[in-house]
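If you want the building blocks of each chain, they are given just below.
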Amino acid sequence: FNSPAYTSTTNGINQNVTVNNFTLTDDGVGNWVFSTSNATPYTFTVNGNLNRAVNTTIDINRAASGSQATTLLIKGNVNSSGIITETNNNTGAVIELGGTNPSNFNVAGTTLNNDVSLVVNKSPGVNIICDNTILPNSINAKLVLTSGNLDVLTNDKSIFVINPDPNAIVGGSIGSHI
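Residues numbered from 1 in each chain as written. Predicted model: local features only at pLDDT ≥ 70, side-chain atom pairs only at ≥ 80, totals over all residues. Heavy atoms only, no water.

Caption draft 1: The arrangement of the overall build of the chain in detail. Scanning the chain for helices and strands turns up zero helices and 18 strands. Computed over C-alpha atoms, the radius of gyration of the chain comes to 15 Å, within 12% of the 16 Å expected from 2.2 N^0.38 for 178 residues, which places it in the range of a compact globule. Its C-alpha atoms give the chain principal-axis dimensions of roughly 45 × 30 × 25 Å. Evaluated residue by residue, the chain yields a buried proportion of 45% over its 178 residues. Considering only contacts in the chain between residues 6 or more positions apart, those separated by 24 or more positions represent 73%. Total accessible area on the chain is roughly 7,800 Å²; 47% of this is exposed by carbon and sulfur atoms. Averaging the positions of the 6 positive and the 10 negative side-chain charges in the chain gives two centres separated by 5 Å. (Helix = DSSP H or I, 4+ residues; strand = E, 2+ residues; numbered from the N terminus. Rg over C-alpha atoms; globule rule 2.2 N^0.38 Å. Buried < 20%, exposed > 50% of the residue type's maximum accessible area, 1.4 Å probe, protein only. Contact = heavy atoms within 4.5 Å. Areas by Shrake-Rupley, 256 points an atom, 1.4 Å probe, with all protein chains shown as cover. Lys, Arg positive; Asp, Glu negative; His and termini not counted. Charge placed at Lys NZ, Arg CZ, Asp CG, Glu CD.)

Caption draft 2: The environment of L150, seen in detail. Here L150 lies in strand β16 (residues 150-151). Spatially, the C-alpha atoms of L150 and V126 are 5.0 Å apart, while their sequence positions differ by 24 residues. Here L150 is in contact with V120, V126, I128, L143, I159, H177 and I178, once residues within four sequence places are set aside.

Caption draft 3: Structural detail: the sheet that holds β16. Read from one edge of the open sheet, six strands run β2-β5-β8-β11-β13-β16, paired in parallel fashion. The outermost strands of the open sheet, each flanked by one partner alone, are β2 (22-24) and β16. As defined by bridge partners, strand β11 (residues 103-107) adjoins strand β13 (residues 126-128) across three bridges and the pair is classed as parallel. Its bridge partner lying in β13, S103 is registered against V126. (Pairing = 2+ DSSP bridges.)

Caption draft 4: Layout of the packing of aromatic side chains. Going through the model one piece at a time under the given rule, you end up with five aromatic pairs. With a centroid separation of 5.0 Å and 45 degrees between ring planes, the pair formed by F22 and W32 is classed as tilted. Of the two residues, F22 is situated in strand β2 and W32 in strand β3 (residues 30-35); the sequence distance between them amounts to 10 residues. Taken individually, F22 and W32 each receive the classification buried, so the pair is uniform in this respect. Arranged with centres 5.1 Å apart and planes meeting at 70 degrees, the rings of W32 and F44 form a pair that is edge-to-face. Taken together, the positions of W32 in strand β3 and F44 in strand β4 (residues 43-46) put the pair 12 residues apart, joining distant regions of the chain. (Phe/Tyr/Trp six-rings, centres within 6.5 Å; stacked < 30°, edge-to-face > 60°.)

Caption draft 5: Main features of the environment of G175. Relative to the assigned elements, G175 resides in the segment after β18 (169-171). A relative accessible area of 41% means that G175 is categorised as partly exposed. For G175 and T146, which are 29 residues apart along the polypeptide, the C-alpha to C-alpha distance reads 8.7 Å. In contact with G175, other than residues within four places in its own chain, are S147, G148 and N149.

Caption draft 6: Inspection of unusual backbone geometry at higher detail. Even without being a glycine, N132 presents a positive backbone phi close to 50 degrees. Along the polypeptide, N132 turns up in the loop between β13 and β14 (133-135). N132 sits in the partly exposed class, given a relative accessible area of 38%.

Caption draft 7: Structural detail: the nonpolar core. Residues F22, F44, I58, I60, I95, F105 and L118 are the most contacted members of the largest nonpolar core, which totals 33 residues. Setting aside residues no more than four positions away along its own chain, I60 makes contact with F34, S35, T70, L72, I84, T85, A93, V94, I95 and V116. (Core = buried A, V, L, I, M, F, W, Y, C linked by side-chain atoms within 4.5 Å.)

Caption draft 8: The pattern of salt bridges, seen in detail. Inspection of every chain in the model, using the stated rule, returns two salt bridges. A salt bridge links D131 to K157, with the nearest nitrogen and oxygen atoms 2.8 Å apart. Residue D131 is found in the loop between β13 and β14, and its partner K157 is found in the loop between β16 and β17 (159-161); the two are separated by 26 residues along the sequence. We classify K157 as partly exposed; its relative accessible area is 25%. (Salt bridge = Lys/Arg side-chain N within 4 Å of Asp/Glu carboxyl O.)

And the structure:
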């Protein structure tokens, strides 16, 4: 998806969508909005890799209100140099790492913004391969460990949960931990 004309768009794709791989490129200043619904929890499923160029933005949910879990479900590797955000008043923006194969998570430093939560739901696990993955300083931005380990040790990397709420990290077990 090349997004040069989407510089200030507020239009979203308000339906469930499934693709095999998704690459967001940019010949201008690209902004791609997934959902603007404040009532329906949509899921954008990537059955493969998500690749994002510098100067691109994925806005998971730009709804005026609501807390439904609008989800960007990625079943492959994540390579993101752009911003992943939620830019309005919906508090349920989720990146879910799922699927049945191990994957790599490469998201540049402070590119996750506002109310974006990260869910690890991938039993083979996820390797963090970028320096300093930082979850936003928002009461709604959580790290949810459902299934599979989040590996920061192999590549000597780190993940920071800036949300000060004691419930900022949800779940965790012998089969799902950092």
